[in-house]
Every structure is written in structure tokens, then in C-alpha cells.
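Spelled out, the chains give:
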Amino acid sequence: MEGVAAVRHRTVEANGISMHVAETGDAEGITGRPAVVFLHGFPELWYSWRHQMEHLAARGYRCVAPDLRGYGGTAAPPEVSAYSAFHVVGDVVALLDALGLDKVFVVGHDWGALIAWYLCLFRPDRVTALVNTSVAFMRHVMIRAGPDAVKTTDYFNRTYGPTYYICRFQEPGVAENQFSPANARYLMRQILCNRLTSESAGGKKPDAAADDSSLPPWLTEADVEYFASEFERTGFTGGINYYRNMDRNWELAAPWADAKITVPTKFIVGDGDLTYHYPGIQDYIHKGGFKADVPLLEDVVVIPGAGHFIQQEKADEVSKHIHDFIAKF
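Model, not experiment: these values are computed from the prediction.

Draft legend 1. Region of interest: empty space enclosed by the protein. Evaluation of the coordinates by the stated rule reveals two cavities of 30 Å³ or more. Quantified by volume, the largest cavity comes out at close to 140 Å³. Lining of the largest cavity is provided by 15 residues; of these, L114, V135, Y165, I166 and Y278 occupy positions nearest its centre. Secondary structure elements with two or more residues in the lining of the largest cavity: α3 (111–122) and α6 (165–168). Broken down by class, the residue content of the lining of the largest cavity amounts to twelve nonpolar, two polar and one charged. Quantified by volume, the second largest cavity comes out at close to 50 Å³. Around the second largest cavity, the lining residues are W111, L114, Y118, V141, M142, T152, M246 and N249.

Draft legend 2. Layout of the confidence of the model for the protein. Averaged over every residue, the pLDDT of the protein is 93; residues scoring 70 or more account for 93%. Across residues 202–206 the pLDDT falls below 50, and counting only partners more than four positions away or on other chains, this stretch makes ten contacts in the model.

Draft legend 3. Examining helix α8 (residues 184–194) more closely. For α8, the tally of buried residues reaches eight of eleven residues, placing the bulk of the element in the interior. Of the residues making up α8, those classed as buried are A184, L187, M188, R189, Q190, I191, L192 and N194.

Draft legend 4. How the structure looks around the pattern of salt bridges. The full count for this structure, using the stated rule, is 16 salt bridges. Of the charged contacts in the structure, one is a salt bridge between R126 and D97, with a shortest N-O distance of 2.9 Å. Here the residue R126 occupies a position in the loop between α3 and β6 (127–133), and D97 occupies one in helix α2 (residues 85–99), the gap between them amounting to 29 residues. Note that E251 and R144 form a salt bridge whose closest N and O atoms lie 3.1 Å from each other. Taken together, the residues span a long stretch of sequence, with E251 in helix α13 (residues 246–252) and R144 in the loop between α4 (139–142) and α5 (152–160) at a distance of 107 residues. With a relative accessible area of 39%, E251 lands in the partly exposed category. The class for R144 is partly exposed, based on a relative accessible area of 39%. What emerges from the salt-bridge pattern is a single network uniting R10, E23 and R62.

Draft legend 5. View of the packing of aromatic side chains. According to the stated counting rule, one finds 37 aromatic pairs in the structure shown. With a centroid separation of 5.6 Å and an interplanar angle of 15°, the aromatic rings of F156 and Y164 are classed as stacked. Sitting over the face of the ring of Y61, R33 holds its NZ or CZ atom 5.0 Å from the ring centroid.

Draft legend 6. Inspection of the sheet that holds strand β4 (residues 63–66) at higher detail. The eight strands are arranged β1-β2-β4-β3-β5-β6-β7-β8 in an open sheet whose pairing can be described as mixed. A strand with exactly one partner marks an edge of an open sheet, and here the two such strands are β1 (8–14) and β8 (297–303). Pairs of neighbouring strands in the sheet enclose a mean axial angle of 20°, with direction left out of account. In the sheet, strand β3 (residues 36–39) pairs with strand β5 (residues 104–109) via four bridges, with the strands oriented parallel. Residue pairing for β5: F38 is matched across the bridge by V107.

Draft legend 7. Region of the structure containing the packing of α2 against α3. The N-to-C vectors of α2 and α3 enclose an angle of 75°; their axes lie 10 Å apart at closest approach. As far as their axial angle goes, α3 and α2 are roughly perpendicular. Along its contact with α2, which presents A85, F86, V88, V89, V92 and V93, the element α3 presents I115, Y118, L119 and F122. Grouping the constituent residues of the contact of α2 with α3 by class yields ten nonpolar, no polar and no charged.

Draft legend 8. Representation of the environment of H9 within the structure. Assignment of secondary structure puts H9 in strand β1. Judged by relative accessible area, which is 45%, H9 ranks as partly exposed. Sequence separation of H9 and W218 is 209 residues, and the distance between their C-alpha atoms is 24 Å. Setting aside anything within four residues of it in sequence, one finds H9 in contact with H20, V21, A22 and W46. Of note is the side chain of H9, whose polar atom sits 2.9 Å from the side chain of H20.

About the cut-offs
- Residues numbered from 1 in each chain as written.
- Predicted model: local features only at pLDDT ≥ 70, side-chain atom pairs only at ≥ 80, totals over all residues.
- Heavy atoms only, no water.
- 1 Å grid on protein atoms, 1.4 Å probe; cavity = no way out; pocket = protein on both sides within 12 Å on 5 of 7 lines; lining within 4 Å.
- Points joined across faces, edges and corners; volume = space filled by probe spheres on them.
- Helix = DSSP H or I, 4+ residues; strand = E, 2+ residues; numbered from the N terminus.
- Nonpolar A, V, L, I, M, F, W, Y, C, P; charged D, E, K, R; others polar.
- pLDDT = per-residue confidence, 0-100.
- Contact = heavy atoms within 4.5 Å.
- Buried < 20%, exposed > 50% of the residue type's maximum accessible area, 1.4 Å probe, protein only.
- Salt bridge = Lys/Arg side-chain N within 4 Å of Asp/Glu carboxyl O.
- Phe/Tyr/Trp six-rings, centres within 6.5 Å; stacked < 30°, edge-to-face > 60°.
- Lys NZ or Arg CZ within 6 Å of the ring centre and 35° of its normal.
- Pairing = 2+ DSSP bridges.
- Axes fitted to C-alpha atoms, helices over the stretch in contact; angles between N-to-C directions.
- Parallel < 35°, antiparallel > 145°, perpendicular 65-115°, else oblique.
- Polar contact = N/O pair within 3.5 Å; in protein donor to acceptor, adjacent residues only side chain to side chain.

If you want it as C-alpha cells, here you go:
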């Protein structure tokens, strides 16, 4: 990425931890536009948003992309319980306060999308508009709602079985054996190239094509090196601990059992993303259920040929979709 040199890095104290933050664009607030805050997923970093940060900075926006707690240059508390949605949303709100940002545009992907949904539930007053990618709002997974509610990990175990990655991640030590920092380079290459298909998510060995040394055109050796060098240093436990809080989040969010997402929203997903093939999800997204939960949902974009890492795989297209939406406000 040619614009990497234009990225500013700093450490911000927020919510009791030190957060590494990458920024591009309008640092002085000259344009008067709300800043754009990007929230990454697993196993990723601020760097996953490099293309969108360059694109929006060139159009006058201030872009802010933290490493979330447990990742990269941000602190990684040792307690599993320190990675609940309340903690991570608290980090985001405290970061906005530390940067003097009252309301912002939020863009999320994967776990960052889940955190963005929770942010919009808990503190909609801090969000001007939301662009979420990959993970739709799924009340039954995120919130204990109703007498027949099924615990999040029980749902995934019943649906996909005990080898599904979310199920495998629950027991401390098990996932760490698979996600060893010493293997970070190999793991990041496989995860990004295999694009989190249903087979890879279930723990099955990738096919020969995924083992090939060639990279897809949207990914460079320098990109793999950036991710790998950070995870070699930090390990993966911080990110894995988010999954270990899914049941806790489900319980904690019970007061919002019937709440709706009340900020203007655009949703983008790849037609090859595992998350677009959860049982019943396409009917939910396209036949009214999603709109009922997110009344200000303005657009759903399904990008052909895109897998899970959509903001990297289809960088220009996703960047333009984000800009077209937030430019309305």
C-alpha cells in the first residue's frame, strides 16, 4: 500500500488500557466531517483497513483504526473475562472521549462488526451511521431473548458440531495449541488464502490449492509479513478470548432483548462468506427480519466472488460503498 507512509501511529490511554491507534486524513477537523472509526476482526489488526483508510483520507475524512484489546500494539489483559462486549465497547467509547470525538461513523468487520452492533445497542448516541461487513445483526447469537433462548455456544455446537472453530476455541489451551505464535506466518497465510470456508472453520485440512505458496492478487507478501510479525510477537490468545466471552455477552446483553439498532446502517457481505451461509441467514437478511431489527437499514450489498476478508479482497468496491453511504450525512 503506497499510503502506508501517511499513516500516523500513537498510543492512547483508554478504559484502563493502552491502545495502539492508526490514523489517516483530516487530523485537525478542517472538513467538519465526523471521523470514521474502523473495527477489525479475528485474526486481524488495524492493517486490515489500510485500503479504506487511504481511500477515505483522500476524500477529506479522518480515519481512526485501533488494534482492539488483545491485538497488536494494544494491551492484552490476562483474564478471559476482560474481553466481554462491555469491555470492548467501553474501549471504543473511551477512545472516542480521549480523541475528543463526540459522534463518529463506524465501520466493522467480523468481530469488529459484532462489537459495532453492540456499540449501537449500548451507545447509539455516539454513532452517526454504521457500515457493517460480513456479520449481520443476529439477536439469537448476541442476546439472551425469550424463554426458548439457546446459549450461543450451544447453538453453534448443535448447528455445526464440536469441531466448529467457535466450539473448539472455548477450552483454554486447546486453541492455543493450534494457533501457536511460532506458526503465525503459516497460519496467517492459510487463513487469508483459504478465506474461512466452512471446511477450514470446521478444523479440516485445507485442500491442496490452499497449501500452494501463491497468494491471491489482493494479498502481498508484505501484507502477510505485517500480520505474521505482529502475531508472532503477541500470540493469538487475546483474539481467541473474544470467542470465550460469547456466552457471557449473550447473558450481559439480556436487558436489550427487544431493543433495535437505531442508527442508519449499510450492510456489505460477500456471497462466498461463511457468514452468508449460516442456516436461515439469507432469508433473514433479505426477507424482512434484518430490517425489523435494524429499522434504519438503508442498503444490503452482496458482492459476488467475495469471501470473508471482503475489505481486502474487494478493497476498491468496499471503499466506494462506504464513502457513498457516509457522504449522505
